[in-house]
Amino acid sequence: MRTAVISDIHANLEALTAVMEKIKAFGAHEIVCAGDLVGYNADPNECLDMLRREKARCVLGNHDAVAAGLEEPNDFNVLARAAVLWTREQLTEHNRQFLLSLPREQRVRDFILFHGSIHDTDRYILYRNDAVDNFQLLGDLPGSPALGFFGHTHVRTALIEQYGIISASLVTEELELLPDRRYLISPGSVGQPRDGDPRAAFLIYDDRERKVYFHRVEYDIRTCQDKIIGAGLPPRLAERLEWGR
């Protein structure tokens, strides 16, 4: 089964549309999203409507939680706070309820899907201690899955654990998942990449081949930027899309 894994869409309709077209071309059987469907960009309702139409299985991100009113943006920076509070005002009641219905993590066949860290939506997996903790938590889950997909960092990442030793794989186009290892993998961000490449990022997981294929796709950045400015959101949010930062 081929599963498309996306994350951190952040209300970027142009990027999401381009990614969905590629996913269909690859013949993916299912789409899962590791959270942060909204925030930063100007099309929250349109993106949520598309995800529901495509029957994507989603988990809650930290921006989603604030936009839905579950939490307040007390630890958000100025740009993120302005955008998420704007998003809260724009959401239809139907879409707010959709966000409220999302789990913070979800088991999907042989992998676990979560946003920031296992059991903690807001925490990042950035440093060795973060990876150690999450591999421990991975082993504590029912069935001890050997694979987890996450988001939140907006950077493509592949962390590998074997016999207690953790390493980071150089993320190229393809990663083979070996039976004596465990993996924590981020597809990068659809709607606001932060690795210096402005193209939308996603991956395809083939559980028969036991391989992960990383992909990037160009999208209409200018239209997305114009929408951000037109909505009265901070111009910096439009500028950073060009840089992939």
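Reading the values: the criteria
- Residues numbered from 1 in each chain as written.
- Predicted model: local features only at pLDDT ≥ 70, side-chain atom pairs only at ≥ 80, totals over all residues.
- Heavy atoms only, no water.
- Helix = DSSP H or I, 4+ residues; strand = E, 2+ residues; numbered from the N terminus.
- Rg over C-alpha atoms; globule rule 2.2 N^0.38 Å.
- Buried < 20%, exposed > 50% of the residue type's maximum accessible area, 1.4 Å probe, protein only.
- Contact = heavy atoms within 4.5 Å.
- Areas by Shrake-Rupley, 256 points an atom, 1.4 Å probe, with all protein chains shown as cover.
- Lys, Arg positive; Asp, Glu negative; His and termini not counted.
- Charge placed at Lys NZ, Arg CZ, Asp CG, Glu CD.
- Pairing = 2+ DSSP bridges.
- Axes fitted to C-alpha atoms, helices over the stretch in contact; angles between N-to-C directions.
- 1 Å grid on protein atoms, 1.4 Å probe; cavity = no way out; pocket = protein on both sides within 12 Å on 5 of 7 lines; lining within 4 Å.
- Points joined across faces, edges and corners; volume = space filled by probe spheres on them.
- Core = buried A, V, L, I, M, F, W, Y, C linked by side-chain atoms within 4.5 Å.
- Parallel < 35°, antiparallel > 145°, perpendicular 65-115°, else oblique.
- Nonpolar A, V, L, I, M, F, W, Y, C, P; charged D, E, K, R; others polar.

Caption draft 1: Spatial organisation of the overall build of the chain. Along its length, the chain carries 8 helices and 12 strands. Taking 18 Å as the expected radius of gyration for a compact globule of 245 residues, we find that the chain reaches 17 Å, a close match to that expectation. Principal-axis analysis of the C-alpha atoms gives the chain an extent of 50 × 35 × 30 Å. Looking at the chain as a whole, 56% of its 245 residues qualify as buried. A separation threshold of at least 6 residues defines the contact pool for the chain, and within that pool the share at least 24 residues apart is 71%. Per element, the accessible surface of the chain, about 10500 Å² overall, is 49% carbon and sulfur. One way to put it: in the chain the 29 positive side-chain charges average out to a point 2 Å from where the 37 negative ones average out.

Caption draft 2: Molecular detail of the sheet that holds strand E5 (residues 111-114). Ordered in space as E4-E5-E6-E10-E7-E8, the 6 strands form an open sheet in which the pairing is mixed. Of all the strands in the sheet, the pair left with one neighbour each is strand E4 (105-108) and strand E8 (165-168). Strand-to-strand twist of the sheet, defined as the mean angle between neighbouring strand axes without regard to direction, takes the value 20°. Relative to strand E10 (residues 182-187), strand E7 (residues 156-162) runs antiparallel, the two sharing 6 bridges. Counterpart to Glu161 in the pairing with E10 is Arg182.

Caption draft 3: Quick look at the layout of surface pockets. The computed volume of the largest pocket comes to approximately 220 Å³. In terms of lining residues, the largest pocket is bounded by 15 residues, among which Tyr40, Asn62, His63, Tyr124 and His152 are the most central. Within this model, the second largest pocket holds a volume of roughly 160 Å³. As for the second largest pocket, its lining consists of Ile125, Leu126, Tyr127, Arg128, Ala131, Thr153, Val155, Thr157, Leu159, Ile166, Ser167 and Ala168. Contributing elements (two or more residues each) for the lining of the second largest pocket: helix H6 (128-140), E7 and E8. The leading source of residues in the lining of the second largest pocket is E8, at 3 residues.

Caption draft 4: Region of the structure containing the nonpolar core. One finds Ile6, Leu16, Leu37 and Leu99 to be the most contacted residues of the largest nonpolar core, which totals 49 residues. Leave out the neighbours within four places in its chain, and Ile6 touches Leu16, Val19, Met20, Ile23, Ile31, Val32, Cys33, Ala34, Leu51, Pro187, Val190 and Phe202. Within the second largest apolar cluster, 19 residues are counted, among which are Phe111, Leu113, Leu147 and Leu175.

Caption draft 5: Region of the structure containing the packing of helix H7 (residues 221-230) against helix H8 (residues 235-243). Where H7 contacts H8, the axes come no closer than 8 Å and their chain directions differ by 170°. Viewed along their axes, H7 and H8 adopt a mutual orientation that is roughly antiparallel. Contacts between H7 and H8 involve Ile221, Cys224, Gln225, Ile228 and Ile229 from the first element and Pro235, Leu237, Ala238, Glu239, Leu241 and Glu242 from the second. Class assignment for the residues of the contact of H7 with H8 results in 8 nonpolar, 1 polar and 2 charged.

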